[in-house]
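Residue-level structure breakdown
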Amino acid sequence: MSKPTTDQQLQTLIRGCEHCFTTEELEKRLDSGKQLRVKLGMDPTAPDLTLGHTVVLRKLRQFQDFGHKAVLIIGDYTARIGDPSGKSKTRPMLTPEQVKQNAETYMKQAGKVLDLSDEKFEVRHNSEWLEPMSCADVLRLMSQMTVARMMERDTFATRQKAGKEIFMHEMLYPLMQGHDSVMIKADVELGGTDQTFNNLCGRDLQRNANQPPQIVMTLPLLVGTDGKLKMSKSMGNYVAVTDTPTDMFGKVMRIPDPLMRSYFELLTDTPEEKIAALTDSPDANPRDSKEELAKTIIELYHSKEAATAAAQEFKRVHGGGTDGATDFESTLPDDIPEVAIPADMIKDGEVDPLSVTVHCFNEKSRGVAKRLIAESGIRLNGEVITDPQTPIKIKTGDILQRGKRKFAKIALQ
RNA sequence: GGUAGUGUGCCCGAGCUGGCCAAUGGGGACGGGCUGUAAACCCGUUGACGAAAGUCUUCGCAGGUUCGAAUCCUGCCGCUACCA
């Protein structure tokens, strides 16, 4: 394939971005023909990647495909502050070992999207230059920003308004992140829209350091499976890139319909016309469109076969209008975790319903198990358990079910 | 440093003229129903132990008053606002 023209690159790169500061600069920089250094910051505290992370990673990959270099910054030093965008208060200080381990996991997972070859990928830790800074260095850094400008930042502004505390050191975060850009001479920095301020900071600092300011491209935040909040691990509304095909399928099928379009746009390469046909057309059956979405995503992180298999399993388990095979056995998912039941829990082949429930599903007390049973939420081989008192007969291979989608395969010991 | 206010269960937030408070309400979460395991909607549950009666632990922390305290008093700590 011949080298794509500046214009082709530009069109592809801009697509899907929320903002680009500025497109003209990007065009000029691409036109120079040199390999651009495209920066992406990574927080070493959250090693499990979600589809939310992949939105930015996919963009980075596009740059790589055009021959540019991805520069991953591991924010091992900035993690000590904690990004003020997050709500979490004090962050535990990470040991170098933890950072290393987290970074490895990250890379392993990011590798599903990125090209990790040396000529297109570089990793740096920001402790490399932040750690040795003297107080004078920090003063110099701080003198480049005014309080007023800092307070413009939405998270600071809203917190201020809400009467929430803001700590001085938090204001250092954007500066440090910007300083990273200076140190690695970034041409472009990518990030979610919540990073806009931080990334723009880099432009100012670079300008002051007589560097051409980086182009800042921000990508939309992926809404989580709950349909409301930004996808994040802490909110539990995420799909992890390491999720099994079955899990991915189930989670994607459960997203609210209106989210389909953005998922297609941000997470897949599906061409616009097809997206329109699947999501906007009145003929499109939303269920089928969503299945298509789920399969497309699984293909990206697993394989085509896995995608098809997951779809079939889903149909079978949830009886999506198939041949009426509704007996209990045939509607079980494939991968039910096996739970060993300790011998002392069993008496004459019977167990106390409360104990097994707590044991199999890790409930936090017998009280919640009791409630679940009272609410007809616990089933043994498809039969609802009605009385928490009556011991139940149990044998290896039995299926205990909690709610709609938690299962455990009994294994007596 | 001064003055005023405030600190409640996963979160927000009532209660605070003492007992009827394990503590109203909302959100979230969970379970059931309806569905396309979507959304919306309806019903229910949401401190621990107990079959239950009941018992225990919980309203920033530590003491005190009282038959009895989330509620009153004292000290401490945190947060907020105004003033300095």
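Residues numbered from 1 in each chain as written. Chains lettered and ligands numbered in written order. Predicted model: local features only at pLDDT ≥ 70, side-chain atom pairs only at ≥ 80, totals over all residues. Heavy atoms only, no water.

Residue T22 follows F21 across a cis peptide bond; omega there is -10°. Locating T22 in the fold gives a position in the loop between β1 (19-21) and α2 (23-31). One non-glycine residue, N362, lies in the positive phi region at around 55°. Relative to the assigned elements, N362 resides in the loop between α16 (353-361) and α17 (366-374). Overall, N362 belongs to the exposed group, its relative accessible area being 70%. A positive phi is found at N381, a non-glycine position, where the angle reads about 50°. Of note, N381 is situated in the loop between β10 (378-380) and β11 (383-384). (Helix = DSSP H or I, 4+ residues; strand = E, 2+ residues; numbered from the N terminus. Buried < 20%, exposed > 50% of the residue type's maximum accessible area, 1.4 Å probe, protein only.)

What follows covers the packing of helix α12 (residues 260-267) against helix α13 (residues 272-279). How two helices pack is summed up by the angle between their axes together with the distance between the axes. The geometry of α12 relative to α13 is characterised by a closest axis approach of 10 Å and an angle of 160° between their N-to-C directions. Compared by their axis directions, α12 and α13 come out roughly antiparallel. Judged by the twist between their axes, the crossing of α12 over α13 is right-handed. Contacts from M260, R261, F264 and E265 of α12 reach α13 at E272, I275, A276, L278 and T279. (Axes fitted to C-alpha atoms, helices over the stretch in contact; angles between N-to-C directions. Parallel < 35°, antiparallel > 145°, perpendicular 65-115°, else oblique. Left-handed = near helix turned anticlockwise from the far one by under 90°. Contact = heavy atoms within 4.5 Å.)

Across all of its chains, the model carries one aromatic pair by this definition. A ring pair is formed by F249 and F314, whose centres lie 5.1 Å apart and whose planes are at 50°; its orientation type is tilted. Highlighted residues: F249 in helix α11 (residues 245-253) and F314 in helix α15 (residues 304-317), separated in sequence by 65 residues. Judged by relative accessible area, F249 falls into the buried class, the value being 1%. Its relative accessible area of 17% is what places F314 among the buried residues. The ring of Y238 has K251 lying over it, and the distance from NZ or CZ to the ring centre is 4.8 Å. (Phe/Tyr/Trp six-rings, centres within 6.5 Å; stacked < 30°, edge-to-face > 60°. Lys NZ or Arg CZ within 6 Å of the ring centre and 35° of its normal.)

Taken together, 29 residues are adjacent to RNA strand B, and D257, H318, S365, R371 and R402 come closest. The protein-proximal atoms of RNA strand B, defined as those within 4 Å of the protein, are 69% sugar or phosphate. Interatomic distance of 2.9 Å between a backbone N/O atom of R366 and a phosphate oxygen of RNA strand B. Contacts to RNA strand B include R405, whose side-chain N or O atom sits 2.9 Å from a base oxygen. Secondary-structure elements contributing two or more residues to the surface near RNA strand B are α14 (286-301) and α17. (Near = heavy atom within 4 Å. Polar contact = N/O pair within 3.5 Å; in protein donor to acceptor, adjacent residues only side chain to side chain.)

Let's shift gears to the pattern of salt bridges. Summed over all chains, the structure comprises 27 salt bridges. Among the salt bridges present, the one from K295 reaches E291, with a minimum N-O distance of 3.7 Å. With K295 and E291 both in helix α14, this residue pair falls four residues apart, about one helical turn. Overall, the relative accessible area of 24% leaves K295 in the partly exposed class. Across the pair K315 and E291 runs a salt bridge whose closest N-O atoms are separated by 3.8 Å. Taken as a pair, K315 in helix α15 and E291 in helix α14 lie far apart in primary sequence, 24 residues in all. One salt-bridge network, held together by shared partners, links R37, K69, E122, R124 and E128. (Salt bridge = Lys/Arg side-chain N within 4 Å of Asp/Glu carboxyl O.)

Strand pairing within a sheet occurs via backbone hydrogen bonds; the two strands may be parallel or antiparallel. Taken in spatial order, the five strands make up an open sheet running β7-β14-β13-β10-β11, and their pairing is mixed. In this open sheet, the two edge strands, each paired with only one partner strand, are β7 (338-341) and β11. Relative to strand β14 (residues 406-412), strand β13 (residues 399-402) is paired through four bridges, and the arrangement is antiparallel. Looking at the pairing, I399 lines up with K409 of β14. (Pairing = 2+ DSSP bridges.)

Along its sequence, chain A is carved into domain 1 (6-219), domain 2 (245-324) and domain 3 (338-412). Placing a centre on the C-alpha atoms of domain 1 and another on those of domain 3 gives a separation of 48 Å. (Domains from an automatic or database assignment.)

As a further point, take the pairing of β13. Bridge count between β10 and β13: three bridges; the pairing is antiparallel. The residue bridging L380 from the neighbouring strand is L400, located in β13. Between β13 and β14, which follow one another and run antiparallel, lie three residues, and G403 among them has a positive phi close to 65°.

The next point concerns the nonpolar core. Counting residues in hydrophobic clusters, the biggest one holds 60 residues, and the most contacted among them are L26, L51, V188, L190 and M217. Ranked by the residues each element gives to this core, the list is headed by helix α3 (residues 51-65), at six residues. Mapped onto the domain boundaries, this core takes at least three residues apiece from domain 1 (6-219) and domain 2 (245-324). Setting aside chain neighbours within four positions, we find L51 in contact with L222, M231, V239, V241, L267, I297 and Y301. Among the nonpolar cores identified, the runner-up in size contains 20 residues, and V71, M150, L172 and L175 belong to it. (Core = buried A, V, L, I, M, F, W, Y, C linked by side-chain atoms within 4.5 Å.)

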